Structure formats: structure tokens, C-alpha cells
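Structural characterization, general
What follows is the residue order along each chain.
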Amino acid sequence: MIQPSIPPLLPASHTTATSDSERADGISAEPTQLLPSPPPSIQLTLLLGSGPSEHIQTLHSLYASQAGTLVWLSAEGNGGERRPVVVGIALKKADFP
């Protein structure tokens, strides 16, 4: 479990790319649109567990940053306040033939 956080005065929407197809809540209406970039000031706090390797830990951090950013954008787009986010990530190895 990882807790992403950004300073409370920095809007999460400050770091997102906009496009003509973006909805009012800041989430793209097109499924092929790139995801918004997490804020550069994001801080990650490991709360419980870790990935089995440095590569997987980096991947978990990337996913947690992106999930936190999407939650913050959704809350701000709906007129809500930014609240703390805790992200739990579990990945299963794919079985390849």
C-alpha cells in the first residue's frame, strides 16, 4: 500500500495536459487520450509491503502516482476537496507459454 500526496495548495489539475475532447471534470472523453501527468511535487509514502524487486517497486510507484492523480482530478472536477489517497496494488505474473 502506498500513499501518494501533494502539497494542499497545489491544484492537481495544474499539471495536466488539456485537449478539445476533455470533459469539464478533467477526464478525457477519448479512451486513447494520454493519462494526465502526476504533479512533479508528488510524494509517495510506502505504508505496507513492497514489490519483490526494484523494478516492480518502481512500477507500483508509477501506478500509485497515476491513481492518486486521477482521484484528485475527479474530486476537483466535481467541486470537492482533495482528500488523502491510499493505493493498494497487487500484480500477478502472467503465464506465458
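Read on for an overview of the structure. Since this is a predicted model, take the numbers as computed values, not measurements. (Residues numbered from 1 in each chain as written. Predicted model: local features only at pLDDT ≥ 70, side-chain atom pairs only at ≥ 80, totals over all residues. Heavy atoms only, no water.)

Remarks on the side chain of H60
Of note, H60 is situated in helix 1 (residues 54–77). When sequence neighbours within four positions are dropped, the list of residues in contact with H60 reads I2, G51, I89 and L91. (Helix = DSSP H or I, 4+ residues; strand = E, 2+ residues; numbered from the N terminus. Contact = heavy atoms within 4.5 Å.)

Examining the pairing of strand 1 (residues 2–5)
Of the two faces of strand 1, only the one carrying I2 and P4 is buried; Q3 and S5 on the other face are not. With four bridges joining them, strand 1 and strand 2 (residues 43–46) adopt antiparallel strand pairing. In the sheet register, S5 faces strand 2, and the bridge partner there is Q43. (Buried < 20%, exposed > 50% of the residue type's maximum accessible area, 1.4 Å probe, protein only. Pairing = 2+ DSSP bridges.)

Notes on the layout of surface pockets
It is a probe the size of a water molecule, rolled over the atoms, that shows where empty space is left. Here the second largest pocket is characterised by a volume of approximately 200 Å³. In terms of lining residues, the second largest pocket is bounded by 14 residues, among which I2, L46, G49, S50 and H60 are the most central. Counting only elements with at least two residues in the lining of the second largest pocket, the list comes to strand 2 and helix 1. Taken together, the residues that form the lining of the second largest pocket break down as seven nonpolar, seven polar and no charged. (1 Å grid on protein atoms, 1.4 Å probe; cavity = no way out; pocket = protein on both sides within 12 Å on 5 of 7 lines; lining within 4 Å. Points joined across faces, edges and corners; volume = space filled by probe spheres on them. Nonpolar A, V, L, I, M, F, W, Y, C, P; charged D, E, K, R; others polar.)

Topic: the side chain of T69
With respect to the element layout, T69 can be found in helix 1. Within polar-contact distance, the side chain of T69 engages the backbone oxygen of S65 at 2.9 Å. Once residues lying within four places of it in the same chain are set aside, the contact partners of T69 are P36, S37, P38, P39 and I42. (Polar contact = N/O pair within 3.5 Å; in protein donor to acceptor, adjacent residues only side chain to side chain.)

Some points on a nonpolar patch on the surface
Taken together, M1, L47, L48 and V86 make up a surface patch of nonpolar side chains, about 380 Å² in accessible area. Mapping L47 onto the fold places it in the loop between strand 2 and helix 1. Residue L47 is classed as partly exposed on the basis of its relative accessible area of 44%. (Patch = residues over 30% accessible without salt bridge, like charges linked within 9 Å, V, L, I, M, F, W, Y side chains within 5 Å. Areas by Shrake-Rupley, 256 points an atom, 1.4 Å probe, with all protein chains shown as cover. Salt bridge = Lys/Arg side-chain N within 4 Å of Asp/Glu carboxyl O.)

Functional significance is not addressed by these values, which are geometric in nature.
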